[in-house]
Amino acid sequence: MRALCWNGVNDLAVETVPDPRLVNPHDVIVAVRLSTTCGSDLHFIDGYLPGMREGDVIGHEFMGEVLEVGGAVERIAVGDRVVVPSFIGCGACWYCGAQRYSA
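All values reported here derive from a predicted model rather than from experimental measurement. (Residues numbered from 1 in each chain as written. Predicted model: local features only at pLDDT ≥ 70, side-chain atom pairs only at ≥ 80, totals over all residues. Heavy atoms only, no water.)

## Notes on the packing of aromatic side chains
Quick note on the threshold: Think of it this way: a Phe, Tyr or Trp ring, Trp meaning its six-membered ring, pairs with another when their centres are within 6.5 Å, and the plane angle makes it stacked under 30 degrees, edge-to-face over 60, tilted otherwise. Exposed residues in this analysis have more than 50% of their type's maximum accessible area, buried residues have under 20%, and partly exposed residues fall in between, with area computed by a 1.4 Å probe over protein chains only.
According to the stated counting rule, one finds 1 aromatic pair in the structure shown. When the ring of tryptophan 94 is compared with that of tyrosine 95, the centres are 5.2 Å apart and the planes differ by 85°; the resulting orientation is edge-to-face. When its relative accessible area of 58% is taken as the criterion, tryptophan 94 is described as exposed. Among the residues examined, tyrosine 95 registers a relative accessible area of 39% and is labelled partly exposed.

## Remarks on unusual backbone geometry
Most peptide bonds take the trans configuration, and most residues that are not glycine carry a negative phi. Put simply, the test is: Elements are defined by DSSP. Helices are runs of H or I of four residues or more, strands are runs of E of two residues or more, and each kind is numbered from the N terminus.
Of note, asparagine 10 is a non-glycine position whose phi angle comes to about 55°, a positive value. Its location among the elements puts asparagine 10 in the loop between β1 (2–8) and β2 (11–16). Residue glutamine 99 is not a glycine yet carries a positive backbone phi of 60°. With respect to the secondary-structure elements, glutamine 99 resides in the segment after α2 (94–97).

## Remarks on a nonpolar patch on the surface
Applied cut-off: Nonpolar side chains (Val, Leu, Ile, Met, Phe, Trp, Tyr) within 5 Å and like charges within 9 Å form the patches, drawn only from residues with over 30% relative accessible area and no salt bridge. To measure how exposed things are, a 1.4 Å probe is used in the Shrake-Rupley method; for residues, cover is taken only from the protein chains shown. The salt bridge criterion pairs a side-chain nitrogen of Lys or Arg with a carboxyl oxygen of Asp or Glu, the two atoms within 4 Å.
Together, Leu4, Leu12 and Val14 line one region of the surface with nonpolar side chains, adding up to about 220 Å² of accessible area. If you trace the backbone, valine 14 turns up in strand β2. Judged by relative accessible area, valine 14 falls into the exposed class, the value being 51%.

## Re the sheet that holds strand β5 (residues 62–69)
Rules: Note on pairing: DSSP must find at least two bridges between two strands before they are called paired. Convention adopted: a line fitted to C-alpha atoms gives each axis, helices being fitted over their contacting stretch, and angles between N-to-C directions are expressed from 0 to 180 degrees.
Strand order in the open sheet made by the 3 strands is β3-β5-β6, with antiparallel pairing throughout. Both outer strands of the open sheet, β3 (28–35) and β6 (81–84), are each paired with one neighbouring strand and no more. Averaged over all pairs of adjacent strands, the angle between strand axes in this sheet comes to 40°, irrespective of strand direction. Here β5 runs beside β6; their pairing, made up of 4 bridges, is antiparallel. Counted as the bridge partner of phenylalanine 62 is valine 84 from β6.

## What about the UniProt feature "domain: Alcohol dehydrogenase-like N-terminal" (unreviewed entry) in the chain?
We apply this condition: UniProt positions are given in the numbering used here, feature names are shortened, and annotations may be inferred rather than shown by experiment.
The UniProt record annotates "domain: Alcohol dehydrogenase-like N-terminal" (unreviewed entry) at residues 25–101. Secondary structure content for residues 25–101 is 12% helix and 29% strand, while the C-alpha to C-alpha distance between its ends is 21 Å.

## Details of the side chain of asparagine 7
The line we're drawing: N or O atoms within 3.5 Å of each other form a polar contact, as long as, within protein, one can give a hydrogen and the other can take it, and as long as residues adjacent in sequence are counted only when both atoms are side-chain atoms. Whether two residues are in contact is decided by their heavy atoms, any of which lying within 4.5 Å being enough.
With respect to the helices, strands and loops of the structure, asparagine 7 is situated in strand β1. Asparagine 7 sits in the buried class, given a relative accessible area of 17%. In terms of polar contacts, asparagine 7 uses its side chain to reach the backbone amide nitrogen of glycine 55, at 3.3 Å. Aside from chain neighbours lying at most four places away, what touches asparagine 7 is Ala13, Glu15, Glu54 and Gly55.

The following block contains the structure:
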């Protein structure tokens with residue numbers, strides 16, 4: 001697949017990377033159709049986050065179509081169109097129960 005990769009400070013490139021795969025039963029694979037840049041992406045780009053490694057795929061706000069779901073996924077099906085915000089809640093912890101998904 002093609003992805004936007006961070007290769008160093010102010011060095012981004014669209015590259016071919018391995019296709020994603022389901023790792024656990026709660027995973028979902030989404031074909032990204034549209035994406036946007038978030039202010040936090042600027043931290044990646046300018047090297048502010050020391051954990052970044054050459055080749056890291058960036059982009060965390062997007063919409064697309066579900067291609068594959070893990071065995072424990074119940075409310076999302078292949079073919080669904082989804083929007084993925086900058087935060088993703090687990091749906092099971094106290095914070096998610098209180099609708100504080102970003103916590």
